[in-house]
Amino acid sequence: MAIEAKICGLRDAASVNAALKGGARYIGFVFYPPSPRSITPATAAELARHAAGRAGCVGLFVDPDDDTLASITRAVPLDMIQLHGDESPARVADIRERYGRPVMKALKISVPEDLASVAAYLPVADRLLFDAKAPKGKADALPGGNAVAFDWRILAGKSWSRPWMLAGGINPENLAEAVEVSGARSVDVSSGVEVKPGQKDPERIALFLQKARSL
């Protein structure tokens, strides 16, 4: 089975086209204003329509309220909702039912004990995403996209009843190691294919996806 890849934080046609051409399974749009990768619903809708039928379109939210979710899911043809904040299992279940889309819940990992939270989300999320915790003491740290990896050995040999995705500090150079160590069959990249925060590099996107296809 090939390695699935999601390119997250896309904001322009060039990066979306690179992701589609390279065979990305998913493309992600960030609806979190503090992030340099944040996108307007109007632009996301245009890019999502362009990608329709070629890649799944994922909307990333951080502890969103219902007004935000309602307005964006009406405007943007999203195939999946990604929750990257501190959403409880009950909130994940509510969002999944209310907005009629599969939900991927991000869980922040730094030590093996952090996997204890997985069990509560398995009944309510369609997918899980394991990301590194934000760096301590970094005032401008975001919920994700900090180019920080956790110890991938924490996931080695683990299996759950839901599919899962590996994120956090992955790039074209360490992708093979990340997959080998963690056992991931699905990966998510954002900062690892950027020139600077929020500016994707189509060539690095192409390289990342080429590496993913070769694994």
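What this report covers is the structure whose coordinates are included nearby. Bear in mind the structure is a predicted one, so any value in this text is a computation, not a measurement. (Residues numbered from 1 in each chain as written. Predicted model: local features only at pLDDT ≥ 70, side-chain atom pairs only at ≥ 80, totals over all residues. Heavy atoms only, no water.)

### Considering the overall build of the protein
Link 1 in the chain: A count of helices and strands for the protein gives seven helices and 10 strands.
Link 2 in the chain: The C-alpha atoms of the protein give a radius of gyration of 16 Å, which matches the 17 Å a tight globule of 215 residues would have.
Link 3 in the chain: With the C-alpha coordinates of the protein rotated into their principal frame, the extents come out at 40 × 40 × 40 Å.
Link 4 in the chain: Per-residue burial for the protein yields a buried fraction of 53% across its 215 residues.
Link 5 in the chain: If you take every contact in the protein between residues at least 6 apart in sequence, the share linking residues at least 24 apart comes to 56%.
Link 6 in the chain: As displayed, the protein has an accessible area near 9,600 Å², and 52% of this comes from carbon and sulfur atoms. (Helix = DSSP H or I, 4+ residues; strand = E, 2+ residues; numbered from the N terminus. Rg over C-alpha atoms; globule rule 2.2 N^0.38 Å. Buried < 20%, exposed > 50% of the residue type's maximum accessible area, 1.4 Å probe, protein only. Contact = heavy atoms within 4.5 Å. Areas by Shrake-Rupley, 256 points an atom, 1.4 Å probe, with all protein chains shown as cover.)

### Let's talk about the pattern of salt bridges
Link 1 in the chain: Inspection of every chain in the model, using the stated rule, returns 14 salt bridges.
Link 2 in the chain: Across the pair arginine 98 and aspartate 94 runs a salt bridge whose closest N-O atoms are separated by 3.2 Å. Placement of the pair is arginine 98 and aspartate 94 together in helix 4 (residues 89-99), with a separation of four residues, close to one helical turn.
Link 3 in the chain: Residue arginine 98 is classed as partly exposed on the basis of its relative accessible area, which comes to 47%.
Link 4 in the chain: Of the residues examined, aspartate 94 reaches a relative accessible area of 26% and is grouped as partly exposed.
Link 5 in the chain: Several salt bridges share partner residues, and in doing so they unite Asp66, Arg91, Asp94 and Arg98 into one network. (Salt bridge = Lys/Arg side-chain N within 4 Å of Asp/Glu carboxyl O.)

### Topic: the pairing of strand 8 (residues 186-189)
Link 1 in the chain: Residue alternation in strand 8 divides its side chains into two sets, Ser186 and Asp188 and Val187 and Val189, and both sets are buried.
Link 2 in the chain: One ladder, built from four bridges, connects strand 1 (residues 4-7) with strand 8; its direction is parallel. Counted as the bridge partner of isoleucine 7 is valine 189 from strand 8. (Pairing = 2+ DSSP bridges.)

### Quick look at the environment of aspartate 151
Link 1 in the chain: Looking at the secondary structure, you find aspartate 151 in the loop between strand 6 (127-132) and strand 7 (164-166).
Link 2 in the chain: The class for aspartate 151 is partly exposed, based on a relative accessible area of 31%.
Link 3 in the chain: Taking the C-alpha atoms as reference, aspartate 151 lies 24 Å from arginine 213; in sequence the two are 62 residues apart.
Link 4 in the chain: Side chain to side chain, aspartate 151 and arginine 153 meet in a polar contact 2.9 Å long. (Polar contact = N/O pair within 3.5 Å; in protein donor to acceptor, adjacent residues only side chain to side chain.)

### So, helix 3 (residues 66-75)
Link 1 in the chain: Looking at helix 3, one finds that the buried residues are Leu69, Ala70, Ile72 and Thr73.
Link 2 in the chain: On the buried face of helix 3, the contacting elements are helix 2 (41-51), strand 3 (56-61), strand 4 (80-83) and helix 4.
Link 3 in the chain: Near the N-terminus of helix 3, the side chain that reaches the backbone nitrogen of aspartate 67, with its oxygen 3.3 Å away, is that of aspartate 65.

### As for the packing of helix 1 (residues 13-22) against helix 2
Link 1 in the chain: For the pair helix 1 and helix 2, the least separation of the axes is 11 Å and the interaxial angle reads 25 degrees. Considering their axes alone, helix 1 and helix 2 lie roughly parallel with respect to each other. Crossing of helix 1 against helix 2: the hand is right-handed. For the pair formed by helix 1 and helix 2, the contact residues are Ala13, Val16, Asn17 and Leu20 on the first element and Leu47, His50 and Ala51 on the second.
Link 2 in the chain: Residues belonging to the contact of helix 1 with helix 2 are distributed by class as follows: five nonpolar, two polar and no charged. (Axes fitted to C-alpha atoms, helices over the stretch in contact; angles between N-to-C directions. Parallel < 35°, antiparallel > 145°, perpendicular 65-115°, else oblique. Left-handed = near helix turned anticlockwise from the far one by under 90°. Nonpolar A, V, L, I, M, F, W, Y, C, P; charged D, E, K, R; others polar.)

### A word on unusual backbone geometry
Link 1 in the chain: Although it is not a glycine, aspartate 63 sits at a positive phi angle of roughly 45 degrees.
Link 2 in the chain: Within the secondary structure, aspartate 63 is located in the loop between strand 3 and helix 3.

### Re the pairing of strand 1
Link 1 in the chain: Of the pairings in the sheet, the one linking strand 1 to strand 2 (residues 26-30) comprises two bridges and is parallel in character. Along strand 2, the bridge assignment pairs lysine 6 with tyrosine 26.
Link 2 in the chain: Following the chain from strand 1 across helix 1 to the adjacent parallel strand 2, one finds a crossover that is right-handed. (Right-handed = clockwise from strand over helix to strand, strands pointing away.)

### What to know about helix 2
Link 1 in the chain: The set of residues buried in helix 2 consists of Ala44, Ala45, Leu47, Ala48 and Ala51.
Link 2 in the chain: Glycine 53 sits one or two positions beyond helix 2 and adopts a positive phi of about 85 degrees.

That's the geometry; what it means functionally is another story.
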